[in-house]
Amino acid sequence: MKPWGDWLPWAWPHDGLQHDKGSGDQLAALYRAQGLRMLPERATFVDGTNGVEAGLMDMLDRMESGRFKVFKHLVEWFEEFRLYHRKDGRVVKEHDDLMSATRYGVMSLRFATPAVAAATVKPRAPGGITTASSWMG
């Protein structure tokens, strides 16, 4: 993940507070020690909650309003999205790693910052297209 950019802030779930069985250190601390810029706290909404239902409704609202989009080639994401269902009124959380990661990202949007720095922008290419030295280029 570091090659994507050492400036990237990384959201992490509540289980990042769990301790590694080998070292006894918290998982989030282990990632920090490897140079990842972890957010200071686990992913929560502004009010400190982290409910699955609230996260899914926030994601769905953003998708319906065009504020959240997923590239159509991300087949695995859409497979997980389609697998989500309810049983006895509760969301069934099985095989949902990508959905959970997406929820953590949405819950942490308040920490988002613009990615393009002046040093990463290259001069305009022929035809007037600006290119950047990141995946967004």
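Note: the structure precedes this text.
What comes next is a walk through the structure. All values derive from a computational prediction rather than experimental measurement.

1. Here we look at helix α3 (residues 75–83)
Among all positions of α3, only W77, F78 and E80 are buried. Viewed end-on, α3 has its buried residues packed into an arc of 160°, placing them on one side of the element. Relative to its buried face, α3 has exposed residues pointing more than 90 degrees away, namely E76 and R82.

2. Comments concerning the nonpolar core
Core analysis: the biggest nonpolar cluster contains nine residues, these being L56, M59, F68, V70, W77, F78, Y84, M99 and V106. Contributions of two or more residues to this core are made by α2 (52–64), α3 and α4 (97–107). Those residues in contact with V70, other than ones at most four positions away along the chain, are W77 and F78. Counting residues in hydrophobic clusters, the runner-up holds seven residues, among them L8, W10, L36 and M38.

3. Overview of the packing of α2 against α4
It is the contact of α2 with α4, at a shortest axis distance of 10 Å, that shows an interaxial angle of 80°. Relative to α4, the element α2 is oriented roughly perpendicular. Every residue of α4 that contacts α2 at V52, G55, L56, D58, M59 and R62 is listed here: M99, T102, R103 and V106. The residue makeup of the contact of α2 with α4, split by class, is five nonpolar, two polar and three charged.

4. Brief notes about the pattern of salt bridges
Summed over the entire model, instances satisfying the criterion amount to four salt bridges. Salt-bridge contacts for D58 lead to R62; the nearest nitrogen and oxygen are separated by 3.0 Å. Of this pair, D58 and R62 both sit in helix α2, four residues apart, which is roughly one turn of the helix. Overall, D58 belongs to the buried group, its relative accessible area being 19%. Among the residues examined, R62 registers a relative accessible area of 18% and is labelled buried.

The rules behind each value
Residues numbered from 1 in each chain as written. Predicted model: local features only at pLDDT ≥ 70, side-chain atom pairs only at ≥ 80, totals over all residues. Heavy atoms only, no water. Buried < 20%, exposed > 50% of the residue type's maximum accessible area, 1.4 Å probe, protein only. Helix = DSSP H or I, 4+ residues; strand = E, 2+ residues; numbered from the N terminus. Arc of directions from axis to C-beta. Core = buried A, V, L, I, M, F, W, Y, C linked by side-chain atoms within 4.5 Å. Contact = heavy atoms within 4.5 Å. Axes fitted to C-alpha atoms, helices over the stretch in contact; angles between N-to-C directions. Parallel < 35°, antiparallel > 145°, perpendicular 65-115°, else oblique. Nonpolar A, V, L, I, M, F, W, Y, C, P; charged D, E, K, R; others polar. Salt bridge = Lys/Arg side-chain N within 4 Å of Asp/Glu carboxyl O.

Structural measurements only, silent on function.
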